[in-house]
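This is what each chain is made of:
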Amino acid sequence: MATMAGATETRGLASEGTRWGQLVFGIICMVMIANLQYGWTLFVGPIDQKYHWGRAAIQVAFTIFVLTETWLVPIEGYLIDRFGPRVMISASGALVAIAWVINSMADSLFLLYVGAAIGGIGAGVIYGGSVGNALKWFPDRRGLAAGLTAAGFGAGSALTVIPIAGMIQSGGYQSAFFWFGLGQGIIVIVVALFLRAPQAGEVAAPASTVVQQTRRDYTPVEVLQTLPFWVMYAMFVMVGAGGLMAVAQLAPIANDFQIAKIPVSLLGLTLPALTFALTIDRVLNGICRPFFGWVSDNIGRENTMFLAFFAEGVGIYALLYFGTSPVLFVILSGVVFFAWGEIYSLFPATCTDIYGRTYATTNYGMLYTAKGTASLLVPLANVLTSATGSWHAVFYVAAALNIVAAIMAIAVLRPVRRKFAT
């Protein structure tokens, strides 16, 4: 079997500066690709105004991006584990730049879709490689490291949403695509040159008894043959789809309750209720990832999953019944956002705890495809709404999916993982 990258020689323990430096490099790369997903909404309207392709046709590009970003990660992860993050992430920085340059020149839906596919491939490598590297460097604080890295993707767009919107307003969306694409891609290429996987002996096995970790490295083929992987996959899809379904209905519920434009004053800020709710999404979606990752390092993965998933389920249900109050609408939507993004820190940490460090990027890459699967289930919310004439059923289903996943964490995943480890 070929030797995996980063394990060709033995070194002494790496310094804390080296480990945290690697983590910071990965976070920077994640921040630079956040706009590919979270900034896309800013471009849809201007593209439609110029070419009149229709929003539905333009949004197909986003679906293509999400699918290529998630479902190719297992293959990309294997290449990262094999050749190391430096080469793969640097090359993907170029893909990210090329993707947005194509978008800036796209005068047909076909070209827009090509740009989306290329961007998704590049983003998938950068996402998988950055998270995988964090998991390898921090076996002692795996939840925190994965959470901080994922937060770069979840909250990174907050740094550039206003500049991108401003450039679209002043110079047109093509200019924003071109210059931000080049800038973000170049930064990824340069920063990735400093990334590397830990070599044998550089990271010590953790002494913690709270989080059980394997001492064996499982290959991707072995992982697919085990029950814990498929239990986690099902839970990932349930929480991912449930959260997306609820979030997608925030605007309709605010308008139906006639509170969308009512000012709400909290924490020294005064904003319309719906605007306030959507604004805290960016902040809480980033904060929750390292927070719940840190919590899981201290009380265990399954315990943290139960608390987070259950809180989200209750938050979604409560939002439906108490959201008529503008203040409670903002607070409860904040609970939903805060308890949702943690899946991107808890599942990679748990996966690596169970299956080992050597193939961490590949193995989590296979689990990460659940995000793509969840995105395909989200349109079912529209089916439910059409069938029942109300979005209430969507909230019931979303809340139920989260509460069932919470119970599964304790009643299914924990005993299955313990049995697998014996």
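Refer to the preceding data block for the structure.
Attention here is on the structure that accompanies the text.

Brief notes about the overall build of the chain
Link 1 in the chain: The helix and strand inventory of the chain stands at 19 helices and 2 strands.
Link 2 in the chain: For 422 residues, the compact-globule estimate of 2.2 N^0.38 gives 22 Å, and the C-alpha radius of gyration of the chain, at 21 Å, lies within 12% of that figure.
Link 3 in the chain: Along the three orthogonal principal directions, the C-alpha set of the chain runs to about 60 × 50 × 40 Å.
Link 4 in the chain: Counting all 422 residues of the chain, 55% fall into the buried class.
Link 5 in the chain: Summed over all atoms, the accessible surface of the chain reaches about 16800 Å², with 69% contributed by carbon and sulfur.
Link 6 in the chain: The averaged location of the 18 negative side-chain charges in the chain is 4 Å from the averaged location of its 22 positive side-chain charges.

Considering the environment of Ala381
Link 1 in the chain: Turning to its location among the elements, Ala381 is positioned in helix H18 (residues 380-388).
Link 2 in the chain: Expressed as a C-alpha distance, the spacing of Ala381 and Gln249, which sit 132 residues apart in the sequence, is 8.8 Å.
Link 3 in the chain: Setting aside anything within four residues of it in sequence, one finds Ala381 in contact with Met245, Gln249 and Val394.

Here we look at the nonpolar core
Generally speaking, nonpolar side chains in soluble globular proteins are found buried as a group.
Link 1 in the chain: Membership of the largest hydrophobic core comes to 77 residues, with the highest contact counts inside it found for Ile33, Phe43, Tyr127, Met235, Phe309, Phe347 and Leu367.
Link 2 in the chain: Residue contributions to this core peak at 9 residues, all from helix H11 (residues 227-248).
Link 3 in the chain: Core analysis: the next-biggest nonpolar cluster, separate from the first, contains 29 residues, Ile253, Ile259, Leu320 and Phe337 among them.

A look at the packing of helix H5 (residues 85-105) against helix H9 (residues 173-192)
Link 1 in the chain: Packing of H5 against H9 leaves a shortest axis separation of 7 Å and a crossing angle of 175°. With respect to H9, the axis of H5 lies roughly antiparallel.
Link 2 in the chain: Grouping the constituent residues of the contact of H5 with H9 by class yields 14 nonpolar, 8 polar and 1 charged.

What counts, and where the lines are drawn
Residues numbered from 1 in each chain as written. Predicted model: local features only at pLDDT ≥ 70, side-chain atom pairs only at ≥ 80, totals over all residues. Heavy atoms only, no water. Helix = DSSP H or I, 4+ residues; strand = E, 2+ residues; numbered from the N terminus. Rg over C-alpha atoms; globule rule 2.2 N^0.38 Å. Buried < 20%, exposed > 50% of the residue type's maximum accessible area, 1.4 Å probe, protein only. Areas by Shrake-Rupley, 256 points an atom, 1.4 Å probe, with all protein chains shown as cover. Lys, Arg positive; Asp, Glu negative; His and termini not counted. Charge placed at Lys NZ, Arg CZ, Asp CG, Glu CD. Contact = heavy atoms within 4.5 Å. Core = buried A, V, L, I, M, F, W, Y, C linked by side-chain atoms within 4.5 Å. Axes fitted to C-alpha atoms, helices over the stretch in contact; angles between N-to-C directions. Parallel < 35°, antiparallel > 145°, perpendicular 65-115°, else oblique. Nonpolar A, V, L, I, M, F, W, Y, C, P; charged D, E, K, R; others polar.

Geometry only, nothing functional implied.
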